[in-house]
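Residue-level structure breakdown
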Amino acid sequence: DTAVSQTPKYLVTQMGNDKSIKCEQNLGHDTMYWYKQDSKKFLKIMFSYNNKELIINETVPNRFSPKSPDKAHLNLHINSLELGDSAVYFCASSQESRTPISYEQYFGPGTRLTVT
Amino acid sequence: ELKVEQNPLFLSMQEGKNYTIYCNYSTTSDRLYWYRQDPGKSLESLFVLLSNGAVKQEGRLMASLDTKARLSTLHITAAVHDLSATYFCAVDRGAGKSTFGDGTTLTVKP
């Protein structure tokens, strides 16, 4: 059973198009995230949702819009794609552990987005 | 703003040797995570360090956390080729927010 899954795995599209990436977790976690990893492997958080509510919205162009229909799903929609959006996008999830507090994250397989 | 610095960023070592990767961070936190990423793959959790002085070991890897020095180390003992990967530390900022270091790409040569 895949814990955190993403679709599609690869996405090749032209500049100006709109695309979506889907993420689902079956771990029962209450928090989900989107990260962008660039060609130099730098990993940056984009968004985080806790129980369907947006709790982290880092400095990301408003062409990127997350949507969480329920706490097991977090989708990422990107409008007017640009060359600089080419990257690997990772979804992750965590469940706050209380004693002691921990937010260990579980990552999906990634979606490699190539904008031409 | 929390800054997380890993060094070295690239490490090439021979099998059988020992080495340490350092993760320094700029503001107070007492929770830190280490993740491993194989080439072309996802990240997987290696260690969860939740207090000052925490030490965790798994096989040839040992991680420690000194919250007063704002420093975590990942020590590799008698490296083997299978340890070749990129290692990230991530500092917990609270409320589920973590800032990742830039990663250390480790290559172990025979």
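Attention here is on the structure that accompanies the text. (Residues numbered from 1 in each chain as written. Chains lettered and ligands numbered in written order. Predicted model: local features only at pLDDT ≥ 70, side-chain atom pairs only at ≥ 80, totals over all residues. Heavy atoms only, no water.)

1. Side note on the overall build of chain B
- Across its full length, chain B holds 0 helices and 11 strands.
- Overall, chain B shows an N-to-C arrangement of helices and strands of β-β-β-β-β-β-β-β-β-β-β.
- Since a compact globule built from 110 residues should have a radius of gyration of about 13 Å, the 13 Å found for chain B is in line with a globular shape.
- For chain B, the proportion of its 110 residues judged to be buried stands at 48%.
- Long-range pairs, those at least 24 residues apart, make up 52% of the contacts in chain B with a sequence separation of at least 6.
- As presented, chain B carries roughly 5300 Å² of accessible surface, and 49% of it is formed by carbon and sulfur atoms.
- Computing the positive centroid from 12 side-chain charges and the negative centroid from 11, chain B places the two 2 Å apart. (Helix = DSSP H or I, 4+ residues; strand = E, 2+ residues; numbered from the N terminus. Rg over C-alpha atoms; globule rule 2.2 N^0.38 Å. Buried < 20%, exposed > 50% of the residue type's maximum accessible area, 1.4 Å probe, protein only. Contact = heavy atoms within 4.5 Å. Areas by Shrake-Rupley, 256 points an atom, 1.4 Å probe, with all protein chains shown as cover. Lys, Arg positive; Asp, Glu negative; His and termini not counted. Charge placed at Lys NZ, Arg CZ, Asp CG, Glu CD.)

2. Things to note about the pattern of salt bridges
Residue and element names in this part refer to chain B.
- Summed over the entire model, instances satisfying the criterion amount to 5 salt bridges over all chains.
- Between Asp 30 and Arg 31 there is a salt bridge whose closest N-O contact spans 3.6 Å.
- By relative accessible area, Asp 30 is classed as partly exposed at 41%.
- Note that Asp 92 and Arg 31 form a salt bridge whose closest N and O atoms lie 3.1 Å from each other. Of this pair, Asp 92 sits in strand S9 (residues 85-94) while Arg 31 sits in the loop between strand S3 (19-25) and strand S4 (32-37); the two residues are 61 residues apart in sequence, bridging distant segments of the chain. An identical accessibility class is assigned to Asp 92 and Arg 31; each is buried. (Salt bridge = Lys/Arg side-chain N within 4 Å of Asp/Glu carboxyl O.)

3. Description of the sheet that holds strand S3 (residues 19-25) of chain A
Residue and element names in this part refer to chain A.
- The strand order across the open sheet built from 4 strands is S1-S3-S8-S7, with neighbouring strands paired in antiparallel fashion. Of all the strands in the sheet, just strand S1 (4-7) and strand S7 (64-70) have a single pairing partner and so form its edges. On average, each strand axis in the sheet is inclined to that of its neighbour by 20 degrees, with strand direction left out of account.
- Across 4 bridges, the pairing between S3 and strand S8 (residues 73-78) is antiparallel. (Pairing = 2+ DSSP bridges. Axes fitted to C-alpha atoms, helices over the stretch in contact; angles between N-to-C directions.)

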